Amino acid sequence: MSQHIARLRDDVRSDTPPAGADRLAFMGRLQTILTHWPSADRLARSMGVSPSAFRKWLKGEAEPSRERLVALARAAGVGVAWLAEGEGPAPVFEAVAGSRRRPRPEAPVPLDPDQFVLLPKHPEAAAAGAEPPPAPAIAGFFALRHDWVRSVCRTAPDDLLLEIAAGDSMLPRIRDGDTLLVDTTERSVRTFGVYVLEIDGQRLVKRVQRKHDGSLVLISDNPAYLPDPVGKSEAATVTVIGRVVWAGGPI
């Protein structure tokens, strides 16, 4: 009976801050997992907890109950022992169909999630040219302040995705190697603008016009490239990753 009571206490202990080095180590493992997800909110929803509860774990203000720890490990695809105590080898994250989780380098020092959003560079780039680009061998991270994202990109930080452009079809506005910030709430072409699309397994960045019959026209800013019409039936198979809300790179 005493063991049963202890388990119940452990399951409801969701607002007790963990202590010292253990707290910082656990926060670091959470950040490592989070870099394989498009947002903290989406990871929280995948394991059935509120985003606000998950953010308390990220900030070290609370720790998950045993039941929620198991749910988090299952959703993230990691071992419970590694997640709880850092025991055993670090997990190897594999690409999962339909998700944005991909192998990443070791996560940097945890940042305050209430002030910064951590955006990983994707191993693949969004092609802005005729041929799909080779995947870079290593990915990095961008940390952006929430207030900057909201004022400049006019979207919630957790809805932002980072892509790297490749090719010259979107010159002069978007250059080869430019960083693109993408609003992932724009999952359909509702207005004329620049979008990141996935067509037949290839990512493209193009200016997109939707016509009244449901077909699309993919337009390159570089006049050397002709507009590419996409028929209505084919347009239905196009995946809209999001709308590009900011682009920039080295001068």
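Computed from a prediction, not measured in an experiment: that's the story for all the values here.

Criteria and thresholds
Residues numbered from 1 in each chain as written. Predicted model: local features only at pLDDT ≥ 70, side-chain atom pairs only at ≥ 80, totals over all residues. Heavy atoms only, no water. Phe/Tyr/Trp six-rings, centres within 6.5 Å; stacked < 30°, edge-to-face > 60°. Helix = DSSP H or I, 4+ residues; strand = E, 2+ residues; numbered from the N terminus. Lys NZ or Arg CZ within 6 Å of the ring centre and 35° of its normal. Core = buried A, V, L, I, M, F, W, Y, C linked by side-chain atoms within 4.5 Å. Buried < 20%, exposed > 50% of the residue type's maximum accessible area, 1.4 Å probe, protein only. pLDDT = per-residue confidence, 0-100. Contact = heavy atoms within 4.5 Å. Salt bridge = Lys/Arg side-chain N within 4 Å of Asp/Glu carboxyl O.

### Things to note about the packing of aromatic side chains
Applying the stated criterion to the full structure yields two aromatic pairs. Seen from their ring centres, F54 and W57 are 5.6 Å apart, and the 55 degrees between their planes marks the pair as tilted. One end of the pair, F54, and the other, W57, are both in helix α4 (residues 51-59), three residues apart, so they sit about a helical turn from each other. One Lys or Arg, R145, reaches over the ring of F116 and ends 5.4 Å from the middle of that ring. Between K206 and the ring centre of Y225, over which it is positioned, the NZ or CZ distance is 5.6 Å.

### Considering the nonpolar core
Counting residues in hydrophobic clusters, the biggest one holds 23 residues, and the most contacted among them are I33, M47, F54, W57, L72 and L83. Contributions of two or more residues to this core are made by α2 (20-34), α3 (40-46), α4, α5 (66-76) and α6 (80-85). Per element, the largest residue contribution to this core is six residues, and it comes from α5.

### Here we look at the confidence of the model for the chain
For the chain, mean pLDDT is 77; residues scoring 70 or higher make up 76% of the total. Looking at the elements of the chain, mean pLDDT is at its lowest for helix α1 (residues 2-12), recorded as 38, and at its highest for strand β8 (residues 216-219), recorded as 97. Taken as a whole, residues 1-18 scores under 50 in pLDDT and shows 26 contacts with residues more than four places along the chain or in a different chain.

### Things to note about the pattern of salt bridges
This structure, assessed with the given rule, holds nine salt bridges. Between R55 and D158 there is a salt bridge, with its nearest N and O atoms 2.2 Å apart. Taken together, the positions of R55 in helix α4 and D158 in the loop between α7 (146-153) and β4 (160-166) put the pair 103 residues apart, joining distant regions of the chain. Like R55, the residue D158 is buried in the burial classification. Across the pair R203 and E163 runs a salt bridge, and its minimum N-O distance is 2.1 Å. Of the two residues, R203 is situated in strand β7 (residues 202-210) and E163 in strand β4; the sequence distance between them amounts to 40 residues. Salt bridges here are not isolated pairs; linked through shared partners, they connect E163, E198 and R203.

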